[in-house]
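Here is how the chains run, residue by residue.
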Amino acid sequence: MAGLVTREEKMDAIRVVVKTTDFASAYHESITFTCDSDFLVNDEKHLAGEEITVALDDTRLTEGRIYIRPETNLARTSITSITRAQGIPAYRGNFEIAKTDKGLLLINEVLLEEYLYSVVPSEMPSTYPAEALKAQAVSARTYAYQRMLNSGLKEYGAHVDDSAAFQVYNNIKESETTTLAIRETQGQIAMVGDKLAESYYYSTSCGYGTDISAWHSSAEDKYGYLVSKHINRDAVNGSDTTGDIRDEAIFRNYITTANAADYESGEGWYRWTYQTNLNIERMNQNLQTRYESSPKSIVVPGEGGAYVSGKPPVFGNVVRMEVVKRGPGGVIDELLIEGDAGSIKVVGEHAVRSVLANDGNKVLRQNGSESAVSSLIPSAFAV
């Protein structure tokens, strides 16, 4: 049984790693900032508007972290050394700068509700209906609270970062409509029984959602409330005739056309195209990276022909790629790659998305706009 509850106890601040421009890395070569109120850098006072730069050789880092604290609660600290979709981003709360072997870490500590002010408009257009914005606020709050209780970035001394790896934070400026939705749902989180729900969400569907099996989680039985659905008017009124979407021919026909009955058929990301020349070196690198981070996502032929987890071979030539298994909703679950070094299977939607990505290539949305590919293609609902 699922439900919605209001927590009366205080929710503490969340700690967010702020990444470099385009969310490319957690590590900065230098960090430049200013504040619209007077502020403290450690115990040293600075006037509003004064710009400060911290480099790797900053002597203040020899004594530990550098702490940045505005003198008023309503202040915004602008990080002028990075850019976001909104331009130069400005943040509520306090900051810490830590030196590591890889560069400088920038951590924003901010009240959870104020964090949501900059998450919800970054994850859902502020022009969406009020009830949709409220649902997004509850989902984002639940996700954040789950990560506060079970930090995903303990090695950084943080709970989340500000990219799509967790929840996109402060890519788009705060909005009156989204802030109102957050305030009207203040403290509300989604529960399943007496436990926090895993409130995963995405920007746009292809008309179908999937379930937790797409991630090959070891705890799939715990997430029976996450189900695959056809997000479609015909499905709601019982007249859906699509068929088994896991069948390759049915899915190919579905994804290469548009269905006006799908609720999101007018969205740019509902259909997209990605065209690239196969970069063998990059693909080999992607395969090795996936194997190192998730050995079970790369499988190779073992004794008797059965596929088992194993280090991927280095391909000099690829002759065939084929989807050999789809999961609920039609998401790619297994991708076969064959070449001069043998054959492997890439298992799981995230692994497939990362292995097929080439930096610098563009994805073309159905509305004609383009988006750069970085470490992942947009989804594994693809042929």
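Our structure is the block above this text.
All values reported here derive from a predicted model rather than from experimental measurement. (Residues numbered from 1 in each chain as written. Predicted model: local features only at pLDDT ≥ 70, side-chain atom pairs only at ≥ 80, totals over all residues. Heavy atoms only, no water.)

A. Spotlight on the packing of helix H1 (residues 112–123) against helix H3 (residues 176–184). Across the interface, H1 lies against H3 with an axial gap of 9 Å and an inter-helix angle of 135°. As far as their axial angle goes, H3 and H1 are oblique. Read as a crossing pair, H1 and H3 show a hand that is right-handed. On H3, the residues that touch Glu 113, Leu 116, Tyr 117, Val 120 and Pro 121 of H1 are Thr 178, Thr 179, Ile 182 and Arg 183. For the contact of H1 with H3, the per-class residue count stands at 5 nonpolar, 2 polar and 2 charged. (Axes fitted to C-alpha atoms, helices over the stretch in contact; angles between N-to-C directions. Helix = DSSP H or I, 4+ residues; strand = E, 2+ residues; numbered from the N terminus. Parallel < 35°, antiparallel > 145°, perpendicular 65-115°, else oblique. Left-handed = near helix turned anticlockwise from the far one by under 90°. Contact = heavy atoms within 4.5 Å. Nonpolar A, V, L, I, M, F, W, Y, C, P; charged D, E, K, R; others polar.)

B. How the structure looks around the packing of aromatic side chains. Applying the stated criterion across every chain yields a total of 7 aromatic pairs. Centre to centre, the rings of Tyr 91 and Phe 95 are 5.5 Å apart; their planes meet at 85°, and the pair counts as edge-to-face. For Tyr 91, a relative accessible area of 1% corresponds to the buried category. Taking 5.0 Å as the distance between ring centres and 45° as the angle between the ring planes, the aromatic pair formed by Tyr 115 and Tyr 169 counts as tilted. Placement of the pair is Tyr 115 in helix H1 and Tyr 169 in the loop between strand S12 (160–161) and H3, with a sequence separation of 54 residues. This pair shows no difference in class: Tyr 115 is buried, exactly as Tyr 169 is. Linked through ring pairs, Tyr 91, Phe 95, Tyr 115 and Tyr 169 together constitute an aromatic cluster. When the ring centre of Phe 23 is taken as reference, the NZ or CZ atom of Arg 84 above it lies at 4.1 Å. (Phe/Tyr/Trp six-rings, centres within 6.5 Å; stacked < 30°, edge-to-face > 60°. Buried < 20%, exposed > 50% of the residue type's maximum accessible area, 1.4 Å probe, protein only. Lys NZ or Arg CZ within 6 Å of the ring centre and 35° of its normal.)

C. Looking closely at the environment of Tyr 156. Along the chain, Tyr 156 turns up in the loop between helix H2 (130–149) and S12. Along the chain, Tyr 156 and Lys 362 lie 206 residues apart, while their C-alpha atoms are 32 Å from each other. Beyond its immediate chain neighbours, meaning those up to four positions away, Tyr 156 contacts Val 17, Ala 26, Tyr 27, Arg 65, Leu 105 and Ile 107. In this structure the side chain of Tyr 156 is engaged in a polar contact, spanning 3.3 Å, whose partner is the side chain of Tyr 27. (Polar contact = N/O pair within 3.5 Å; in protein donor to acceptor, adjacent residues only side chain to side chain.)

D. Summary view of the side chain of Asp 162. Examined against the element boundaries, Asp 162 turns out to sit in the loop between S12 and H3. Separated by 3.1 Å, the side chain of Asp 162 and the backbone nitrogen of Lys 19 make a polar contact.

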